[in-house]
Amino acid sequence: MVETAGGGPQDGAAEVLDRPLPDGVRRKVVQIVADGFGGLTVAELPAQLRQYARFTPNRRAKFAGNAMAAALETDPLFRQRIGEKLRESQPELTGALDSGSPPPAADPLDVAAAAYVLRPPGWGKLVAAAGEEAQRADAERADEETRAELERLRAELDRAREHTRSETERLRAELDAAKKETDSLHRKLRSALADVKRGEAALRKLRGEMEAVRAEGQAQVSAAESETRRLKARLGETEAALEAARRAAREGRSVEDMRVRLLLDTVLDAAQGLRRELALPPVSVRPAETVDAVEPGRMTPKDIAARALSEDDPAVLDQLLALPQAHLVVDGYNVTKTGYPQMPLEKQRLRLLGQLAQLAAQTGAEVTCVFDGAELAAPVLLAPPRGVRVLFSKPGVTADELIRQLVRAEPPGRPVIVVSTDREVADGVARAGARPVASAVLLKRLS
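Thresholds applied
Residues numbered from 1 in each chain as written. Predicted model: local features only at pLDDT ≥ 70, side-chain atom pairs only at ≥ 80, totals over all residues. Heavy atoms only, no water. Helix = DSSP H or I, 4+ residues; strand = E, 2+ residues; numbered from the N terminus. Buried < 20%, exposed > 50% of the residue type's maximum accessible area, 1.4 Å probe, protein only. Areas by Shrake-Rupley, 256 points an atom, 1.4 Å probe, with all protein chains shown as cover. Axes fitted to C-alpha atoms, helices over the stretch in contact; angles between N-to-C directions. Parallel < 35°, antiparallel > 145°, perpendicular 65-115°, else oblique. Contact = heavy atoms within 4.5 Å. Nonpolar A, V, L, I, M, F, W, Y, C, P; charged D, E, K, R; others polar. Core = buried A, V, L, I, M, F, W, Y, C linked by side-chain atoms within 4.5 Å. Pairing = 2+ DSSP bridges. Phe/Tyr/Trp six-rings, centres within 6.5 Å; stacked < 30°, edge-to-face > 60°. Lys NZ or Arg CZ within 6 Å of the ring centre and 35° of its normal. Arc of directions from axis to C-beta. Polar contact = N/O pair within 3.5 Å; in protein donor to acceptor, adjacent residues only side chain to side chain. Left-handed = near helix turned anticlockwise from the far one by under 90°. pLDDT = per-residue confidence, 0-100.

**Some words on the overall build of the chain**
Line of reasoning, step 1. When helices and strands are counted, the chain shows 15 helices and seven strands.
Line of reasoning, step 2. Scored against the burial criterion, the 447 residues of the chain give a buried share of 26%.
Line of reasoning, step 3. Entry remark: accessible area of the chain is about 29900 Å², with carbon and sulfur atoms responsible for 55%.

**Here we look at the packing of helix 1 (residues 23–37) against helix 3 (residues 65–74)**
Line of reasoning, step 1. Relative to each other, helix 1 and helix 3 sit at 90 degrees, their axes nearing to 10 Å. When the axes of helix 1 and helix 3 are compared, the pair comes out roughly perpendicular. On the side of helix 1, the interface is formed by Arg-26, Val-29, Val-30, Val-33, Ala-34 and Phe-37, while helix 3 contributes Gly-65, Asn-66, Met-68, Ala-69 and Leu-72.
Line of reasoning, step 2. Each residue belonging to the contact of helix 1 with helix 3 can be placed in one class, and the counts come to eight nonpolar, two polar and one charged.

**Points about the nonpolar core**
Line of reasoning, step 1. Judged by nonpolar contacts, the single largest core of 31 residues is most densely connected at Val-29, Val-33, Met-68, Leu-72, Phe-78 and Ile-82.
Line of reasoning, step 2. Here this core takes nine residues from helix 6 (residues 108–118), the largest share from any one element.
Line of reasoning, step 3. Setting aside its immediate chain neighbours within four residues, Val-29 contacts Leu-21, Leu-72, Ala-113, Tyr-116 and Val-117.
Line of reasoning, step 4. Residues Leu-320, Ala-360, Ala-365 and Val-419 belong to the second largest nonpolar core, which totals 29 residues.

**A word on the sheet that holds strand 6 (residues 416–419)**
Where strands meet in a sheet, backbone hydrogen bonds hold them as pairs that are either parallel or antiparallel.
Line of reasoning, step 1. Across the sheet, five strands lie side by side as 5-4-3-6-7; this open sheet has parallel pairing. Edge positions in the sheet fall to strand 5 (388–392) and strand 7 (435–437), since each has one partner strand and no second. The sheet shows a mean angle of 20 degrees between the axes of neighbouring strands, taken without regard to direction.
Line of reasoning, step 2. Where strand 4 (residues 366–371) and strand 5 come together, five bridges link them in parallel fashion. From the neighbouring strand, Val-367 faces strand 5, where its bridge partner is Val-388.

**Some details on helix 6**
Line of reasoning, step 1. With nine of its 11 residues buried, helix 6 lies for the most part within the structure.
Line of reasoning, step 2. Taken from the residues just after helix 6, Arg-119 is the one with a positive phi, measuring 55 degrees.

**Let's talk about the environment of Glu-311**
Line of reasoning, step 1. Counting through the fold element by element, Glu-311 comes out in the loop between helix 9 (301–306) and helix 10 (314–321).
Line of reasoning, step 2. Spatially, the C-alpha atom of Glu-311 lies 8.1 Å from that of Val-437, the residues being 126 residues apart in sequence.
Line of reasoning, step 3. With residues near it in sequence (within four places) discarded, Glu-311 still touches Arg-435 and Val-441.

**Remarks on the packing of aromatic side chains**
The geometry of an aromatic ring pair is captured by two quantities: the separation of the ring centres and the angle between the planes.
Line of reasoning, step 1. Per the stated rule, a full pass over the model turns up two aromatic pairs.
Line of reasoning, step 2. Grouped by ring-pair contacts, the aromatic residues Tyr-333, Phe-371 and Phe-392 constitute a single cluster.
Line of reasoning, step 3. Above the face of the Phe-55 ring, Arg-59 is positioned so that its terminal group lies 4.4 Å from the ring centre.
Line of reasoning, step 4. Here Lys-337 stacks its cationic end above the ring of Tyr-333, 5.5 Å away from the centre of that ring.

**Let's talk about helix 14 (residues 423–431)**
Line of reasoning, step 1. Where helix 14 is concerned, the buried positions are Val-425, Ala-426, Gly-428 and Val-429. Within helix 14, the buried residues cover an arc of 170 degrees as seen down the axis, which keeps them to one side. Exposed residues on helix 14 whose side chains face more than 90 degrees from its buried face are Arg-423, Glu-424 and Arg-431.
Line of reasoning, step 2. Residues of helix 14 that are buried in the fold lie against helix 13 (399–409), strand 6 and strand 7.
Line of reasoning, step 3. Its side-chain oxygen at 3.0 Å from the backbone nitrogen of Glu-424, Asp-422 defines the N-terminal cap of helix 14.
Line of reasoning, step 4. Within two residues after helix 14, Gly-433 carries a phi angle of roughly 100 degrees, on the positive side.

**A look at the packing of helix 1 against helix 6**
Line of reasoning, step 1. Running from N to C, helix 1 and helix 6 point in directions that differ by 60 degrees, and their axes come no closer than 8 Å. As the angle between them shows, helix 1 and helix 6 are arranged oblique. The two elements helix 1 and helix 6 cross, and the hand of that crossing is right-handed. Each of Gly-24, Val-25, Lys-28, Val-29 and Ile-32 in helix 1 lies in contact with helix 6, whose residues at this interface are Leu-109, Asp-110, Ala-112, Ala-113, Ala-114, Tyr-116 and Val-117.
Line of reasoning, step 2. Grouping the amino acids of the contact of helix 1 with helix 6 by side-chain chemistry returns nine nonpolar, one polar and two charged.

**Things to note about the confidence of the model for the chain**
As a note on interpretation, predicted positions should not be read in detail where pLDDT is low.
Line of reasoning, step 1. Overall, the prediction assigns the chain a mean pLDDT of 79, with 80% of residues at 70 or greater.
Line of reasoning, step 2. For residues 1–11, every residue scores under 50 in pLDDT, and the model assigns this stretch 16 contacts once sequence neighbours within four places are set aside.

**What about the side chain of Glu-410?**
Line of reasoning, step 1. If you trace the backbone, Glu-410 turns up in the loop between helix 13 and strand 6.
Line of reasoning, step 2. In this structure Glu-410 comes out as buried when scored by relative accessible area, which is 14%.
Line of reasoning, step 3. Within the structure, Glu-410 has its side chain in polar contact with the side chain of His-327 (distance 2.8 Å).
Line of reasoning, step 4. Glu-410 has contacts with Arg-259, Leu-262, His-327 and Val-416, leaving out every residue within four places of it along the chain.

**Section: the pairing of strand 6**
Line of reasoning, step 1. What you see with strand 6 is no split at all: Val-416 and Val-418 on one side and Ile-417 and Val-419 on the other are buried throughout.
Line of reasoning, step 2. In this structure, strand 3 (residues 327–331) lies alongside strand 6, joined through four bridges in parallel fashion. Within the sheet, the bridge partner assigned to Val-329 lies in strand 6 and is Val-418.
Line of reasoning, step 3. Looking at chain direction, strand 6 and strand 7 are connected through three bridges and run parallel. Paired with Val-418 across the two strands is Pro-436, which belongs to strand 7.

Rendered as C-alpha coordinates:
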(Lines give C-alpha, C1' and ligand atoms only; values in the text may rest on other atoms or scores of the structure.)
Protein backbone atom coordinates (compact mmCIF):
# COMPACT_ATOMS: atom_id res chain seq x y z
CA MET A 1 0.00 0.00 0.00
CA VAL A 2 1.40 3.42 -1.05
CA GLU A 3 0.45 6.68 0.64
CA THR A 4 0.96 10.24 -0.63
CA ALA A 5 2.12 13.18 1.39
CA GLY A 6 1.44 16.79 0.30
CA GLY A 7 0.37 16.00 -3.33
CA GLY A 8 -1.71 13.91 -5.70
CA PRO A 9 -1.06 10.38 -6.87
CA GLN A 10 1.04 11.66 -9.82
CA ASP A 11 3.56 13.30 -7.52
CA GLY A 12 6.18 10.54 -7.21
CA ALA A 13 8.46 12.49 -4.89
CA ALA A 14 5.73 12.63 -2.25
CA GLU A 15 5.13 8.86 -2.18
CA VAL A 16 6.45 6.85 0.80
CA LEU A 17 6.63 3.10 1.56
CA ASP A 18 4.56 1.72 4.41
CA ARG A 19 6.88 -1.31 4.85
CA PRO A 20 10.66 -1.92 4.78
CA LEU A 21 12.38 -2.07 1.42
CA PRO A 22 12.59 -5.72 0.25
CA ASP A 23 16.05 -7.21 0.61
CA GLY A 24 16.46 -7.92 -3.10
CA VAL A 25 15.45 -4.38 -4.03
CA ARG A 26 17.71 -2.94 -1.34
CA ARG A 27 20.75 -4.84 -2.68
CA LYS A 28 20.04 -3.57 -6.20
CA VAL A 29 19.66 0.01 -4.88
CA VAL A 30 22.99 -0.18 -3.00
CA GLN A 31 24.69 -1.51 -6.15
CA ILE A 32 23.24 1.37 -8.24
CA VAL A 33 24.55 3.90 -5.69
CA ALA A 34 27.96 2.19 -5.57
CA ASP A 35 28.23 2.24 -9.38
CA GLY A 36 27.21 5.91 -9.68
CA PHE A 37 29.32 6.90 -6.67
CA GLY A 38 32.56 7.05 -8.67
CA GLY A 39 31.19 9.58 -11.19
CA LEU A 40 30.63 12.21 -8.48
CA THR A 41 33.19 14.58 -7.04
CA VAL A 42 33.94 14.64 -3.32
CA ALA A 43 32.11 17.95 -2.98
CA GLU A 44 28.97 16.41 -4.57
CA LEU A 45 28.93 13.57 -1.98
CA PRO A 46 27.16 13.82 1.38
CA ALA A 47 29.56 14.38 4.29
CA GLN A 48 29.02 10.90 5.71
CA LEU A 49 30.01 9.25 2.39
CA ARG A 50 33.12 11.22 1.49
CA GLN A 51 35.39 8.79 3.39
CA TYR A 52 34.39 6.06 0.89
CA ALA A 53 35.20 8.13 -2.23
CA ARG A 54 38.35 6.13 -3.06
CA PHE A 55 36.75 2.70 -2.53
CA THR A 56 35.98 0.37 -5.43
CA PRO A 57 32.25 -0.22 -6.18
CA ASN A 58 32.31 -3.68 -4.56
CA ARG A 59 34.04 -2.38 -1.42
CA ARG A 60 31.56 0.52 -1.25
CA ALA A 61 28.65 -1.90 -1.44
CA LYS A 62 30.25 -4.06 1.31
CA PHE A 63 31.37 -1.42 3.83
CA ALA A 64 29.15 1.63 3.06
CA GLY A 65 25.85 -0.06 2.10
CA ASN A 66 23.86 1.18 5.10
CA ALA A 67 25.29 4.68 4.86
CA MET A 68 24.56 4.94 1.12
CA ALA A 69 20.98 3.67 1.55
CA ALA A 70 20.35 6.18 4.35
CA ALA A 71 21.83 9.06 2.34
CA LEU A 72 19.76 8.11 -0.72
CA GLU A 73 16.59 8.16 1.41
CA THR A 74 17.26 11.42 3.28
CA ASP A 75 19.22 13.53 0.75
CA PRO A 76 17.09 14.41 -2.34
CA LEU A 77 20.00 16.16 -4.05
CA PHE A 78 22.23 13.12 -3.70
CA ARG A 79 19.35 10.91 -4.95
CA GLN A 80 18.91 13.19 -7.95
CA ARG A 81 22.65 12.96 -8.83
CA ILE A 82 22.60 9.17 -8.55
CA GLY A 83 19.46 9.14 -10.73
CA GLU A 84 21.32 11.11 -13.39
CA LYS A 85 24.18 8.58 -13.35
CA LEU A 86 21.60 5.79 -13.64
CA ARG A 87 19.99 7.47 -16.66
CA GLU A 88 23.40 7.64 -18.31
CA SER A 89 24.18 3.95 -17.66
CA GLN A 90 20.67 2.48 -18.34
CA PRO A 91 18.83 4.86 -20.65
CA GLU A 92 16.29 2.32 -21.96
CA LEU A 93 15.11 1.21 -18.48
CA THR A 94 14.93 4.75 -17.13
CA GLY A 95 13.16 6.01 -20.27
CA ALA A 96 10.52 3.29 -19.97
CA LEU A 97 9.99 4.22 -16.27
CA ASP A 98 9.58 7.89 -17.16
CA SER A 99 6.96 6.98 -19.76
CA GLY A 100 5.11 4.88 -17.17
CA SER A 101 5.48 1.54 -19.01
CA PRO A 102 8.43 -0.54 -17.68
CA PRO A 103 9.68 -3.31 -20.01
CA PRO A 104 7.78 -6.58 -19.34
CA ALA A 105 10.95 -8.68 -19.85
CA ALA A 106 13.05 -6.69 -17.34
CA ASP A 107 13.95 -8.12 -13.95
CA PRO A 108 11.35 -6.87 -11.42
CA LEU A 109 14.12 -6.19 -8.90
CA ASP A 110 16.02 -3.99 -11.38
CA VAL A 111 12.76 -2.14 -12.25
CA ALA A 112 11.92 -1.61 -8.57
CA ALA A 113 15.47 -0.41 -7.68
CA ALA A 114 15.53 2.05 -10.59
CA ALA A 115 12.04 3.30 -9.64
CA TYR A 116 13.16 3.74 -6.00
CA VAL A 117 16.09 5.92 -7.15
CA LEU A 118 14.24 7.95 -9.85
CA ARG A 119 10.95 8.21 -7.90
CA PRO A 120 8.59 8.39 -10.95
CA PRO A 121 4.83 8.46 -10.29
CA GLY A 122 3.73 5.07 -8.92
CA TRP A 123 7.24 3.99 -7.91
CA GLY A 124 5.93 2.66 -4.57
CA LYS A 125 3.67 0.16 -6.38
CA LEU A 126 6.59 -1.02 -8.48
CA VAL A 127 8.70 -1.57 -5.35
CA ALA A 128 5.87 -3.43 -3.59
CA ALA A 129 5.18 -5.54 -6.67
CA ALA A 130 8.89 -6.41 -6.97
CA GLY A 131 8.94 -7.48 -3.31
CA GLU A 132 5.89 -9.69 -3.82
CA GLU A 133 7.37 -11.12 -7.00
CA ALA A 134 10.66 -11.88 -5.21
CA GLN A 135 8.76 -13.60 -2.41
CA ARG A 136 6.78 -15.66 -4.94
CA ALA A 137 10.00 -16.57 -6.75
CA ASP A 138 11.65 -17.56 -3.47
CA ALA A 139 8.60 -19.62 -2.50
CA GLU A 140 8.52 -21.36 -5.89
CA ARG A 141 12.26 -22.02 -5.74
CA ALA A 142 11.95 -23.40 -2.20
CA ASP A 143 9.00 -25.55 -3.32
CA GLU A 144 10.98 -26.93 -6.25
CA GLU A 145 13.97 -27.62 -4.00
CA THR A 146 11.69 -29.37 -1.51
CA ARG A 147 10.14 -31.55 -4.23
CA ALA A 148 13.59 -32.41 -5.59
CA GLU A 149 14.85 -33.26 -2.11
CA LEU A 150 11.75 -35.40 -1.50
CA GLU A 151 12.31 -37.30 -4.73
CA ARG A 152 15.97 -37.83 -3.83
CA LEU A 153 15.05 -39.10 -0.36
CA ARG A 154 12.45 -41.49 -1.83
CA ALA A 155 15.05 -42.87 -4.24
CA GLU A 156 17.55 -43.29 -1.39
CA LEU A 157 14.87 -45.01 0.71
CA ASP A 158 14.14 -47.48 -2.11
CA ARG A 159 17.85 -48.19 -2.52
CA ALA A 160 18.23 -48.64 1.25
CA ARG A 161 15.31 -51.05 1.38
CA GLU A 162 16.76 -53.10 -1.47
CA HIS A 163 20.19 -53.10 0.17
CA THR A 164 18.70 -54.11 3.49
CA ARG A 165 16.79 -56.97 1.86
CA SER A 166 19.88 -58.33 0.12
CA GLU A 167 22.04 -57.79 3.22
CA THR A 168 19.48 -59.67 5.35
CA GLU A 169 19.52 -62.64 3.00
CA ARG A 170 23.32 -62.66 2.94
CA LEU A 171 23.54 -62.48 6.74
CA ARG A 172 21.00 -65.27 7.10
CA ALA A 173 23.11 -67.49 4.83
CA GLU A 174 26.26 -66.57 6.77
CA LEU A 175 24.47 -67.31 10.06
CA ASP A 176 23.54 -70.80 8.88
CA ALA A 177 27.12 -71.45 7.82
CA ALA A 178 28.40 -70.07 11.11
CA LYS A 179 26.08 -72.37 13.09
CA LYS A 180 27.43 -75.41 11.23
CA GLU A 181 31.01 -74.23 11.80
CA THR A 182 30.28 -73.60 15.49
CA ASP A 183 29.02 -77.14 15.95
CA SER A 184 32.19 -78.46 14.36
CA LEU A 185 34.34 -76.19 16.51
CA HIS A 186 32.52 -77.33 19.68
CA ARG A 187 33.43 -80.92 18.89
CA LYS A 188 37.04 -79.97 18.22
CA LEU A 189 37.12 -77.85 21.41
CA ARG A 190 35.95 -80.74 23.58
CA SER A 191 38.67 -82.91 22.10
CA ALA A 192 41.27 -80.13 22.61
CA LEU A 193 40.19 -79.62 26.24
CA ALA A 194 40.77 -83.26 26.94
CA ASP A 195 44.24 -83.00 25.42
CA VAL A 196 44.93 -79.85 27.44
CA LYS A 197 43.99 -81.54 30.70
CA ARG A 198 46.35 -84.40 29.96
CA GLY A 199 49.06 -81.90 29.04
CA GLU A 200 48.51 -79.88 32.23
CA ALA A 201 48.88 -83.00 34.35
CA ALA A 202 52.15 -83.84 32.63
CA LEU A 203 53.27 -80.20 32.97
CA ARG A 204 52.57 -80.16 36.71
CA LYS A 205 54.65 -83.28 37.11
CA LEU A 206 57.52 -81.75 35.13
CA ARG A 207 57.30 -78.51 37.13
CA GLY A 208 57.56 -80.42 40.38
CA GLU A 209 60.65 -82.23 39.17
CA MET A 210 62.09 -78.95 37.85
CA GLU A 211 61.49 -77.14 41.17
CA ALA A 212 63.28 -79.92 43.02
CA VAL A 213 66.24 -79.74 40.65
CA ARG A 214 66.26 -75.93 40.85
CA ALA A 215 66.18 -75.94 44.65
CA GLU A 216 69.05 -78.38 44.77
CA GLY A 217 71.00 -76.29 42.24
CA GLN A 218 70.33 -73.05 44.19
CA ALA A 219 71.52 -74.68 47.38
CA GLN A 220 74.70 -75.79 45.68
CA VAL A 221 75.20 -72.34 44.11
CA SER A 222 74.60 -70.65 47.47
CA ALA A 223 77.09 -72.93 49.16
CA ALA A 224 79.60 -72.29 46.39
CA GLU A 225 79.07 -68.52 46.65
CA SER A 226 79.48 -68.61 50.43
CA GLU A 227 82.68 -70.59 50.06
CA THR A 228 83.88 -68.20 47.36
CA ARG A 229 83.19 -65.17 49.58
CA ARG A 230 84.96 -66.84 52.49
CA LEU A 231 87.96 -67.66 50.35
CA LYS A 232 88.00 -64.12 48.90
CA ALA A 233 87.84 -62.69 52.41
CA ARG A 234 90.68 -64.94 53.56
CA LEU A 235 92.63 -64.03 50.44
CA GLY A 236 92.06 -60.33 51.11
CA GLU A 237 93.13 -60.71 54.72
CA THR A 238 96.17 -62.67 53.65
CA GLU A 239 97.10 -60.06 51.05
CA ALA A 240 96.58 -57.25 53.57
CA ALA A 241 98.70 -59.07 56.17
CA LEU A 242 101.38 -59.76 53.57
CA GLU A 243 101.41 -56.11 52.49
CA ALA A 244 101.55 -54.97 56.13
CA ALA A 245 104.38 -57.39 56.79
CA ARG A 246 106.26 -56.13 53.76
CA ARG A 247 105.71 -52.52 54.80
CA ALA A 248 106.78 -53.27 58.36
CA ALA A 249 109.86 -55.06 57.06
CA ARG A 250 110.72 -52.06 54.91
CA GLU A 251 110.22 -49.61 57.78
CA GLY A 252 111.99 -51.80 60.31
CA ARG A 253 109.04 -52.08 62.64
CA SER A 254 105.59 -53.69 62.71
CA VAL A 255 102.15 -52.17 63.13
CA GLU A 256 101.91 -53.56 66.63
CA ASP A 257 105.22 -51.98 67.58
CA MET A 258 103.91 -48.65 66.31
CA ARG A 259 100.69 -49.01 68.33
CA VAL A 260 102.61 -49.99 71.48
CA ARG A 261 105.06 -47.12 71.08
CA LEU A 262 102.22 -44.65 70.47
CA LEU A 263 100.40 -45.95 73.53
CA LEU A 264 103.62 -45.68 75.58
CA ASP A 265 104.08 -42.06 74.45
CA THR A 266 100.45 -41.39 75.37
CA VAL A 267 100.92 -42.89 78.86
CA LEU A 268 104.13 -40.96 79.43
CA ASP A 269 102.61 -37.67 78.28
CA ALA A 270 99.53 -38.38 80.37
CA ALA A 271 101.69 -39.05 83.43
CA GLN A 272 103.58 -35.82 82.89
CA GLY A 273 100.32 -33.93 82.36
CA LEU A 274 98.90 -35.55 85.51
CA ARG A 275 101.96 -34.46 87.43
CA ARG A 276 101.53 -30.90 86.15
CA GLU A 277 97.75 -30.98 86.83
CA LEU A 278 98.28 -32.26 90.40
CA ALA A 279 101.31 -30.01 90.94
CA LEU A 280 103.38 -32.95 92.25
CA PRO A 281 106.87 -31.98 93.39
CA PRO A 282 109.79 -33.57 91.58
CA VAL A 283 111.12 -35.18 94.80
CA SER A 284 109.78 -38.26 96.49
CA VAL A 285 106.94 -38.12 98.97
CA ARG A 286 107.92 -37.28 102.55
CA PRO A 287 106.39 -39.14 105.49
CA ALA A 288 104.96 -35.93 106.86
CA GLU A 289 102.99 -35.43 103.71
CA THR A 290 100.99 -38.58 104.37
CA VAL A 291 99.32 -37.02 107.40
CA ASP A 292 95.74 -35.98 106.60
CA ALA A 293 95.31 -32.24 107.08
CA VAL A 294 93.98 -29.15 105.37
CA GLU A 295 96.59 -26.87 103.93
CA PRO A 296 95.86 -23.29 102.91
CA GLY A 297 95.12 -22.65 99.23
CA ARG A 298 93.91 -26.19 98.42
CA MET A 299 90.75 -26.74 96.32
CA THR A 300 87.67 -28.06 98.05
CA PRO A 301 85.27 -30.56 96.34
CA LYS A 302 82.92 -27.64 95.65
CA ASP A 303 85.70 -25.81 93.80
CA ILE A 304 86.38 -28.90 91.70
CA ALA A 305 82.66 -29.26 90.87
CA ALA A 306 82.55 -25.61 89.80
CA ARG A 307 85.13 -26.35 87.09
CA ALA A 308 82.69 -28.61 85.18
CA LEU A 309 81.74 -27.25 81.76
CA SER A 310 78.61 -27.59 79.64
CA GLU A 311 78.61 -30.05 76.73
CA ASP A 312 78.19 -27.21 74.19
CA ASP A 313 80.96 -25.05 75.68
CA PRO A 314 83.93 -24.71 73.27
CA ALA A 315 86.24 -24.86 76.29
CA VAL A 316 85.39 -28.59 76.52
CA LEU A 317 87.08 -29.09 73.15
CA ASP A 318 90.15 -27.16 74.30
CA GLN A 319 90.42 -29.36 77.40
CA LEU A 320 90.14 -32.53 75.28
CA LEU A 321 92.76 -31.32 72.80
CA ALA A 322 95.08 -30.48 75.68
CA LEU A 323 95.25 -34.20 76.58
CA PRO A 324 98.55 -35.90 75.65
CA GLN A 325 98.70 -37.40 72.14
CA ALA A 326 95.11 -36.27 71.41
CA HIS A 327 93.74 -37.13 67.94
CA LEU A 328 90.93 -34.95 66.52
CA VAL A 329 88.82 -36.69 63.80
CA VAL A 330 86.37 -34.34 61.98
CA ASP A 331 83.32 -35.41 59.91
CA GLY A 332 83.98 -32.73 57.25
CA TYR A 333 80.67 -32.35 55.39
CA ASN A 334 78.69 -32.78 58.62
CA VAL A 335 80.48 -29.71 60.04
CA THR A 336 80.34 -27.57 56.87
CA LYS A 337 76.67 -28.31 56.14
CA THR A 338 75.87 -27.40 59.74
CA GLY A 339 77.81 -24.12 59.64
CA TYR A 340 77.64 -22.83 56.05
CA PRO A 341 75.50 -25.12 53.84
CA GLN A 342 74.80 -22.44 51.21
CA MET A 343 78.41 -22.46 49.95
CA PRO A 344 79.64 -24.80 47.17
CA LEU A 345 81.32 -28.01 48.38
CA GLU A 346 84.76 -26.88 47.20
CA LYS A 347 84.58 -23.63 49.20
CA GLN A 348 83.17 -25.52 52.21
CA ARG A 349 86.22 -27.82 52.21
CA LEU A 350 88.75 -24.98 51.80
CA ARG A 351 87.19 -22.91 54.58
CA LEU A 352 87.06 -25.79 57.07
CA LEU A 353 90.61 -27.00 56.32
CA GLY A 354 92.00 -23.49 56.75
CA GLN A 355 90.36 -23.18 60.17
CA LEU A 356 91.50 -26.69 61.21
CA ALA A 357 95.10 -25.80 60.25
CA GLN A 358 94.96 -22.85 62.65
CA LEU A 359 93.50 -25.08 65.38
CA ALA A 360 96.26 -27.69 64.87
CA ALA A 361 98.91 -25.00 65.08
CA GLN A 362 97.40 -23.66 68.32
CA THR A 363 96.90 -26.97 70.13
CA GLY A 364 99.57 -29.23 68.60
CA ALA A 365 97.02 -32.06 68.36
CA GLU A 366 96.85 -34.55 65.47
CA VAL A 367 93.95 -33.53 63.19
CA THR A 368 92.28 -35.75 60.56
CA CYS A 369 89.41 -34.41 58.40
CA VAL A 370 87.24 -37.02 56.62
CA PHE A 371 85.03 -36.23 53.59
CA ASP A 372 82.51 -38.48 51.86
CA GLY A 373 83.86 -39.53 48.44
CA ALA A 374 80.30 -40.17 47.18
CA GLU A 375 79.73 -36.38 47.05
CA LEU A 376 82.43 -36.00 44.37
CA ALA A 377 81.86 -36.07 40.61
CA ALA A 378 85.63 -36.46 40.00
CA PRO A 379 88.82 -36.92 42.07
CA VAL A 380 89.77 -33.85 44.12
CA LEU A 381 93.15 -32.21 43.54
CA LEU A 382 93.84 -30.74 46.97
CA ALA A 383 97.02 -29.82 48.84
CA PRO A 384 96.27 -30.52 52.56
CA PRO A 385 97.24 -27.65 54.87
CA ARG A 386 100.06 -28.09 57.35
CA GLY A 387 99.10 -30.14 60.38
CA VAL A 388 95.84 -31.55 58.89
CA ARG A 389 95.40 -35.00 57.36
CA VAL A 390 92.66 -35.02 54.65
CA LEU A 391 90.97 -38.32 53.72
CA PHE A 392 88.16 -39.14 51.25
CA SER A 393 86.17 -42.36 51.53
CA LYS A 394 86.57 -44.94 48.75
CA PRO A 395 83.69 -45.84 46.37
CA GLY A 396 81.13 -47.90 48.25
CA VAL A 397 82.43 -46.72 51.66
CA THR A 398 80.77 -43.83 53.53
CA ALA A 399 82.59 -41.20 55.55
CA ASP A 400 80.91 -42.58 58.70
CA GLU A 401 82.44 -46.04 58.13
CA LEU A 402 85.87 -44.46 57.45
CA ILE A 403 85.65 -42.56 60.77
CA ARG A 404 84.84 -45.80 62.63
CA GLN A 405 87.84 -47.48 60.95
CA LEU A 406 90.10 -44.63 62.10
CA VAL A 407 88.84 -44.98 65.68
CA ARG A 408 89.32 -48.78 65.66
CA ALA A 409 92.86 -48.32 64.31
CA GLU A 410 93.90 -46.34 67.42
CA PRO A 411 95.35 -48.23 70.44
CA PRO A 412 93.16 -48.42 73.55
CA GLY A 413 93.87 -45.58 75.94
CA ARG A 414 94.75 -42.91 73.39
CA PRO A 415 92.41 -39.88 73.57
CA VAL A 416 90.45 -39.69 70.29
CA ILE A 417 87.89 -36.88 69.78
CA VAL A 418 85.33 -37.30 66.95
CA VAL A 419 83.39 -34.21 65.78
CA SER A 420 80.01 -35.11 64.22
CA THR A 421 76.35 -34.35 64.78
CA ASP A 422 75.35 -37.73 63.32
CA ARG A 423 73.94 -39.68 66.30
CA GLU A 424 74.81 -43.05 64.74
CA VAL A 425 78.44 -41.97 64.31
CA ALA A 426 78.59 -40.53 67.82
CA ASP A 427 77.19 -43.68 69.43
CA GLY A 428 79.47 -45.94 67.38
CA VAL A 429 82.71 -44.11 68.23
CA ALA A 430 81.67 -43.81 71.88
CA ARG A 431 81.38 -47.61 72.08
CA ALA A 432 84.85 -47.86 70.52
CA GLY A 433 86.32 -45.63 73.27
CA ALA A 434 86.39 -42.24 71.46
CA ARG A 435 84.90 -38.99 72.75
CA PRO A 436 82.10 -37.58 70.49
CA VAL A 437 81.68 -33.80 70.21
CA ALA A 438 78.86 -31.96 68.37
CA SER A 439 79.70 -30.06 65.18
CA ALA A 440 78.28 -26.85 66.65
CA VAL A 441 80.93 -26.95 69.43
CA LEU A 442 83.77 -27.09 66.88
CA LEU A 443 82.15 -24.26 64.83
CA LYS A 444 81.96 -22.11 67.98
CA ARG A 445 85.60 -22.88 68.74
CA LEU A 446 86.72 -22.06 65.19
CA SER A 447 84.81 -18.79 65.15
